[in-house]
Amino acid sequence: MTAAAALRLNRLHPSPCEEVEAAAAYAYPEPDGRYLRVNMVSSVDGCAVLDGRVGALTGPADQRLLVLLRSLADVLLVGAATVRAEGYGPVRTRPELRELRAANGQLPAARLAVVSRTIDVDLGSRAFTDAVERPLVVTTELAGRDRVREARRVADVLVAGERTVDLGVATDRLLEAGMPRMLSEGGPHLLADLYASDLVDELCLAISPLVTCGEGSRITAGPVLPTLRPQRLQTVLERDEFLFLRYVRC
Ligand SMILES: NC(=O)c1ccc[n+]([C@@H]2O[C@H](COP(=O)([O-])OP(=O)(O)OC[C@H]3O[C@@H](n4cnc5c(N)ncnc54)[C@H](OP(=O)(O)O)[C@@H]3O)[C@@H](O)[C@H]2O)c1
């Protein structure tokens, strides 16, 4: 093989070029309409759910990044099954980011927005009762008036669809309500729906240094998209063997 034909690759690790401040690296672009970022973790072999939870796949590094990303967002959009499985608590802001939020004109913490057709979530859980900022429930007409009334005691209710939430309408409404910096933590069904609606601007994918085998869900769970979504690799970062890949839409 001649030198001209040799395949040349960029080595990113080991010998990292520099350490970066995560808060600066993950700053949202200047608000110009909504910007939806998704944050997910996967094993090296593509597993995103193990025994019905994500816990075994995570570690301190990606957990710290998860909290940081929440601290940068206006709203945290999460599927009801994830809230049920993970027992979500109140969304908190890292203390060192409170000033930055204030300077950006953001509320002290991101608002949790749970997506559920029938508001099938525990409205008595700490995610609602101890919330720093009033949560939202994004639902459909299937929820019914009584359940909507119950939910309104602890959350704002956004009805955006008859039998399934129209995520385009829902995110437009969140934008109109002053929440352009959106973050979703999935789960896989919600993420597939967000991609199907072409709403994802950025995917933050943490690769956990584990191999699981088995048949755990990938980070998306839904039909193959009629139009594949090409991605541009924006950054590759690493901490404690976790790889943090960041892809943006082309
Ligand atoms: N690896 C990771 O990074 C990661 C991240 C998050 C979660 N997880 C794991 O993923 C699992 C849960 O994920 P999942 O895919 O089963 O569920 P999910 O995406 O968290 O939630 C699905 C539920 O959200 C609601 N929903 C989603 N899209 C909707 C739409 N367009 N309209 C109306 N409702 C909609 C529905 O709730 P209703 O059924 O109430 O109508 C649906 O059943 C958990 O085990 C969790 O631990 C992993």
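Residues numbered from 1 in each chain as written. Predicted model: local features only at pLDDT ≥ 70, side-chain atom pairs only at ≥ 80, totals over all residues.

Draft legend 1. Geometry of helix α7 (residues 167–176). Those residues of α7 lying buried are Leu 167, Ala 170, Thr 171 and Leu 174. Buried residues of α7, seen end-on, are gathered within an arc of 90 degrees and therefore sit on one face of the element. Directly after α7, the chain includes Gly 178, whose backbone phi takes a positive value near 90 degrees. (Buried ≥ 20, exposed ≤ 12 C-beta atoms within 10 Å, placed from the backbone. Helix = DSSP H or I, 4+ residues; strand = E, 2+ residues; numbered from the N terminus. Arc of directions from axis to C-beta.)

Draft legend 2. Just the environment of Val 49, in detail. Note on placement: Val 49 falls in the loop between β1 (35–43) and α2 (60–72). Along the primary structure Val 49 and Asp 201 are separated by 152 residues, whereas in three dimensions their C-alpha atoms are 23 Å apart. In this structure Val 49 touches Val 54, Pro 188, Gly 216 and Ser 217, once residues within four positions along its chain are discounted. (Contact = placed C-beta atoms within 7 Å.)

Draft legend 3. Seen up close, the environment of Glu 185. Topologically, Glu 185 is positioned in the loop between β6 (181–184) and α8 (188–196). With 23 C-beta atoms counted inside 10 Å, the residue Glu 185 sits in the buried group. The spacing of Glu 185 and Val 20 is 165 residues in sequence and 23 Å in space, taken between C-alpha atoms. Excluding residues that lie within four positions of it along the chain, Glu 185 makes contacts with Asn 39, Leu 76, Val 78 and Thr 82.

Draft legend 4. Highlighting the site of the ligand. Taken together, 30 residues are adjacent to the ligand, and Gly 79, Ala 81, Thr 82, Arg 117 and Gly 187 come closest. Elements with a contribution of two residues or more to the shell around the ligand: β1, α3 (80–86) and α8. Counting residues per element, the shell around the ligand draws most heavily on α3, at 5 residues. Split by residue class, the shell around the ligand holds 15 nonpolar, 9 polar and 6 charged. (Near = placed C-beta within 6 Å. Nonpolar A, V, L, I, M, F, W, Y, C, P; charged D, E, K, R; others polar.)

Draft legend 5. Here's a closer look at unusual backbone geometry. In the segment running from Gly 186 into Gly 187, the intervening peptide bond is cis, with an omega of 0 degrees. Among the secondary structure elements, Gly 187 is positioned in the loop between β6 and α8. Its identity is not glycine, yet Asp 240 carries a phi of approximately 50 degrees, on the positive side. Within the secondary structure layout, Asp 240 lies in the loop between β8 (231–239) and β9 (242–249). In this structure Asp 240 comes out as exposed when scored by C-beta crowding, with 10 C-beta atoms within 10 Å. Backbone geometry places Glu 241, a non-glycine residue, at a positive phi of 75 degrees.

Draft legend 6. Representation of the pairing of strand β3 (residues 111–115). Along β3, 5 of the 5 residues are buried, which leaves the element largely enclosed by surrounding structure. Here β3 shows two buried faces, one formed by Arg 111, Ala 113 and Val 115 and the other by Leu 112 and Val 114. Strand direction decides the pairing type here: strand β2 (residues 75–79) and β3, joined by 5 bridges, are parallel. Directly across from Val 78, in β3, lies its bridge partner Val 114. Note: β3 against strand β4 (residues 136–139), 3 bridges, orientation parallel. From the neighbouring strand, Val 114 faces β4, where its bridge partner is Val 137. (Pairing = 2+ DSSP bridges.)

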